[in-house]
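Below are the chains, spelled out letter by letter.
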Amino acid sequence: MSSTKYNPQKIEPKWQKRWELQKLYKTSTVGGSVTDSKKKKVYVLDMFPYPSGQGLHVGHPKGYIATDIYSRAKKMQGYNILRPMGWDAFGLPAENYAIKHKIHPETAAQKNIKRFKEQLSVLGFNYDWEREINTTDPKYYKWTQWIFLQLFKKKLAYKSYEPINWCPSCKTGLANEDVENGLCERCSTPIEQKPMYQWMLKITKYAEKLLNDLTELDWEKHIKEAQRNWIGKSNGATISFELKTQNKKQKTTTKKLKLIKVFTTRTDTIFGATYLVIAPENSIIKNLKLKIKNYNEVAKYIEKAKHKTELERKENKTKTGIELKGITAINPANEEEIPIWVSDYVLTVYGTGAIMAVPAHDQRDFEFAQKFNLPIKQVICENYPAPICPILKKAYEGNGKLVGSEKFNGLQYKEGIEKITEWLTKRKLAKKTTNYKLRDWVFSRQRYWGEPIPIIYCRKCWENEQKTTNKKIKEGYDYIKINDLEYMIVPVLEKDLPVKLPKIKNYKPTGTGESPLANIKEWVNVKCPRCKKPAKRETNTMPQWAGSSWYYLRYIDTKNNKTLVDKKKELYWSPVDMYVGGAEHATRHLIYARFWHKFLYDIGIVNYKEPFKKLYSVGLIKGEDGRKMSKRWGNVINPDDIVARFGADTLRVYEMFMGPFSDSISWNIENLMGAKRFLDKIFKLHSKTQIIKHKQNTNKEIEKLLNKTIKKVTDDIESFKFNTAISSLMILINEIVKEQKNIPSSQLKILNSKFLILLSPFAPHLAEELWKKLGNKISIHLEKWPNYDKNFILEKKINIIVQVNGRFRGAIEIDKNLPENKIKEIALKNEKIKIWTANCYIVKTIFVPNKIINFIVKQY
RNA sequence: GGGCGAGUGGCGGAAUGGCAUACGCGCUGGAUUCAAAAUCCAGUGAGAGCAAUCUCUUGAGGGUUCAACUCCCUCCUCGCCCACCA
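Residues numbered from 1 in each chain as written. Chains lettered and ligands numbered in written order. Predicted model: local features only at pLDDT ≥ 70, side-chain atom pairs only at ≥ 80, totals over all residues. Heavy atoms only, no water.

Engineer: Teacher, can you tell me more about unusual backbone geometry here?
Structural biologist: Most peptide bonds take the trans form, and the phi angle of most residues other than glycine is negative. A cis amide bond links L497 to the next residue, P498, at an omega of -5°. Take P498: it is sitting in the loop between β23 (485–491) and α15 (521–524). Of the consecutive residues S574 and P575, the connecting peptide bond is found in the cis state with omega at -10°. Of note, the phi angle at N839 is positive, near 60°, even though the residue is not glycine. Mapping N839 onto the fold places it in the loop between α29 (831–837) and β32 (840–848). A relative accessible area of 59% places N839 in the exposed class. (Helix = DSSP H or I, 4+ residues; strand = E, 2+ residues; numbered from the N terminus. Buried < 20%, exposed > 50% of the residue type's maximum accessible area, 1.4 Å probe, protein only.)

Engineer: Help me out: how do you make sense of the protein's contact with RNA strand B in this one?
Structural biologist: Taken together, the neighbourhood of RNA strand B is formed by 49 residues, with T265, Y345, R364, K437 and N854 sitting nearest. Within 4 Å of the protein, atoms of RNA strand B come from sugar and phosphate in 65% of cases. Within the side chain of N229, one N or O atom sits 3.4 Å away from a sugar or linking oxygen of RNA strand B. R677 places a polar side-chain atom, nitrogen or oxygen, 2.9 Å from a phosphate oxygen of RNA strand B. In terms of residue count, the dominant contributor to the surface near RNA strand B is helix α24 (residues 722–739) (6 residues). Taken together, the residues of the surface near RNA strand B sort by class into 20 nonpolar, 15 polar and 14 charged. (Near = heavy atom within 4 Å. Polar contact = N/O pair within 3.5 Å; in protein donor to acceptor, adjacent residues only side chain to side chain. Nonpolar A, V, L, I, M, F, W, Y, C, P; charged D, E, K, R; others polar.)

Engineer: How do you make sense of the sheet that holds strand β20 (residues 441–442) when you look at a structure like this?
Structural biologist: Strand pairing in a sheet relies on backbone hydrogen bonds, with the paired strands running either antiparallel or parallel. Strand order in this open sheet of 4 strands is β6-β5-β9-β20, and the pairing throughout is antiparallel. Looking at which strands have only one partner, the edges of the open sheet turn out to be β6 (172–174) and β20. Judged from the 10 bridges that link them, strand β5 (residues 157–167) and strand β9 (residues 192–201) form a sheet pairing that is antiparallel. The residue of β9 that forms the bridge with N165 is Q193. Relative to the sheet, helix α6 (residues 138–153) contacts β5 and β9, its axis offset from that of β9 by approximately 90°. (Pairing = 2+ DSSP bridges. Contact = heavy atoms within 4.5 Å. Axes fitted to C-alpha atoms, helices over the stretch in contact; angles between N-to-C directions.)

Engineer: Could you clarify how one ought to interpret helix α12 (residues 363–371) in this entry?
Structural biologist: Since one α-helical turn is 3.6 residues long, residues separated by three or four positions face the same way. Restricting attention to buried positions, one finds in α12 the residues D365, F366, F368 and A369. Within α12, the buried residues cover an arc of 165° as seen down the axis, which keeps them to one side. For α12, the secondary structure elements touched by its buried residues are β13 (275–278), β15 (337–342) and β16 (354–357). Taken from the residues just after α12, N373 is the one with a positive phi, measuring 55°. (Arc of directions from axis to C-beta.)

Engineer: I would appreciate a short explanation of helix α1 (residues 8–22) in the present structure.
Structural biologist: Its 15 residues give α1 an end-to-end C-alpha distance of 21 Å, which sits within 8% of 21 Å, the value for a rise of 1.5 Å per residue. Taken together, the buried positions of α1 are P8, I11, E12, W15, Q16 and W19. Across the axial projection of α1, the buried residues extend over an arc of 130°, all falling on one side. Projecting away from the buried face of α1 at angles above 90 degrees are the exposed residues K10, K17, E20 and L21. (Expected span 1.5 Å × (residues − 1).)

Written out as structure tokens, the structure is:
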């Protein structure tokens, strides 16, 4: 009848089909029944995949297996579960793949999704596929566009013309987050700075909230730290330096050119500021043009700096620069006249784009000063009163007290910052300032495969506006100048959403700063929704990160045509209780999604401030050679092959048993065989006819072990320690196999049932198969999770460790909670202990109840 | 340069103040087999010993403690993230 060999190839597809037919994993609809909405919920979410052309490798499912186990266990523990899956299919990689293989991106995306879904389906996951979403579906991106319109209404989406990161290979602008070490994150091409019109999202307005609310989140520390660093808050002061032309007595007259402002966190070092440095792109330079005697040379330097890629700037550690001749600045602290330089080691995008250089206490300034022979003045000393300071070999960046700083001498540097800032502020020369490294999000891409930005440019509206109102309108938010003609920026009406991405033949990037959509006349030319006169559509598209910044909300209410998500349903299901994905998203997806979520909260769309309550990051599965799995190294392992050879349950158990979930560990086929053997052993135990001896007593030992195992597996699943959960299951099964002849059949049956329930989240197919074999009619996955009996775990007899002088010398079995003096008596009578206490007297006894007794002894 | 984390058998790892090396892999020996695979049994950190047993051992050094893989300090090595951010 039933086969005696464990045959996953046969049983796994069988159960997958049945589960699907039974709709075992359909999420219960909330709102319909009272009991359901009263039931506690758990929302378990994987970072949805980007369906690439290569398909999945064995590393991808690791996180999905973990969430599968977690959600299965939670369901059995009585929770309402939401566990959906979907596809993040817009964006550069999909488009580049499509261009390379000469297939339309839409066709490629569909093909890749199909392949991914097939690969996932053989692993036996409990996704509710009725809630599948796809970011490229117009019904979905309608709401991505809708969010953009809301951002626009609140002036958090604006147009700006400034130099941004440009990838010459992908032919598009990129966000700061898409650049790694000066290279394009997708294709590793050096990034250039190119000024162009861009849609920007004002994420900086949320910098403080994004930073502060991190404390509430139950996330791994390193992810939170990564976000903190990325936001990069620093408190300091903006200090004004007055300018002087070469004609020393005559200060510059133009009001605009009177000052240069710098940002510093170290006001205490201002007496050591011996020159100023301005970033080449800083507009101050152009404004000072007439005063600069060597302007031509300066202009040349600036031109050269502009053409350097980010990478060249960073790689070339030797500092370059040029002095602005004919113009100097006054150090507001000591009234000293100091030179002004231009150098590309100062960034335009941070602070004011100008710095006060303190070469004695900043290594970068130090290098620059040395190269150009500028004075280096030490104002912080480690020892105070300072000995004659030796000539510095490098900048002293440590702590210390102030010297050479007139009345502030002797102050601890922190106090110095306070006092000097106060002193300058009173004279209106400084202002406390906070700066962030976080920059506004460059939100437009000059590419085809993305959500169209729902904006229309109307010349007529601009003209009407000029005629009819005196209202001040603002460039970027309200109008835009293209080729010297102004246009009003008109948002698409909400009722006209979605703005569908037209299907076109030529979708290759143009490189002109416009997307290929610009060539589709019939799409670009539209009626203005305001004045109904001819107008033009925005042709840039949204970046890859747009759709993924809110997808977790849509799963709650996938089919809603009226709103993004029903607020009541959102109240019930949000926030995501368990979110699992790669750590590489710490400063991209996770920060963007938090930003959008906070915005949606502020405009009343969602009920909670934060989207993801708890977060675990998946550790990488490396190749057998220890390198990252990649086509390049030929070390990629395909999950389909593993499933075909060993079965999905083996793959699942192995990947969870490899080691700690967040660690990256190399694939090892022999270890995988170990997981297979574990499942074989279970199958074998169940297929053997049990020989039953009658009238046996309940086996107390195995009962105790069972209860311990229930506790261990339950706790370990909760804290994502799957490796030790599996190890405790192994211990239990080994013991059952060994002891089965000493276990009465009625007890063995219960034991086996409970074991299978504990196993079922890890190896759902095998557990189901054996569950049926035990005679059960209803799926094991609908069973209740077992409780453990505390009384079995709390043992009556316990082992107490006996130490002499802190060293282990034996263990004694005693009744639990025996008083110290009794234990002492027993221990000292013990033969083994006697050896170590002979001829000694006891100086001290350390006793930890039910754990240890330690005698400190000395020889007579 | 800054931030975060890690270093334990031949390997993946367990233990997070209280018997270091659970569990798995590998290896060695044996059973089974014509033979192999699979399976089962025994052993497996190092050193000494016939043995009971003892000594040493968690990257290095120091400290706290009756007791340290675990806590503190210094150093070394590796990994990840960020980086001319003033």
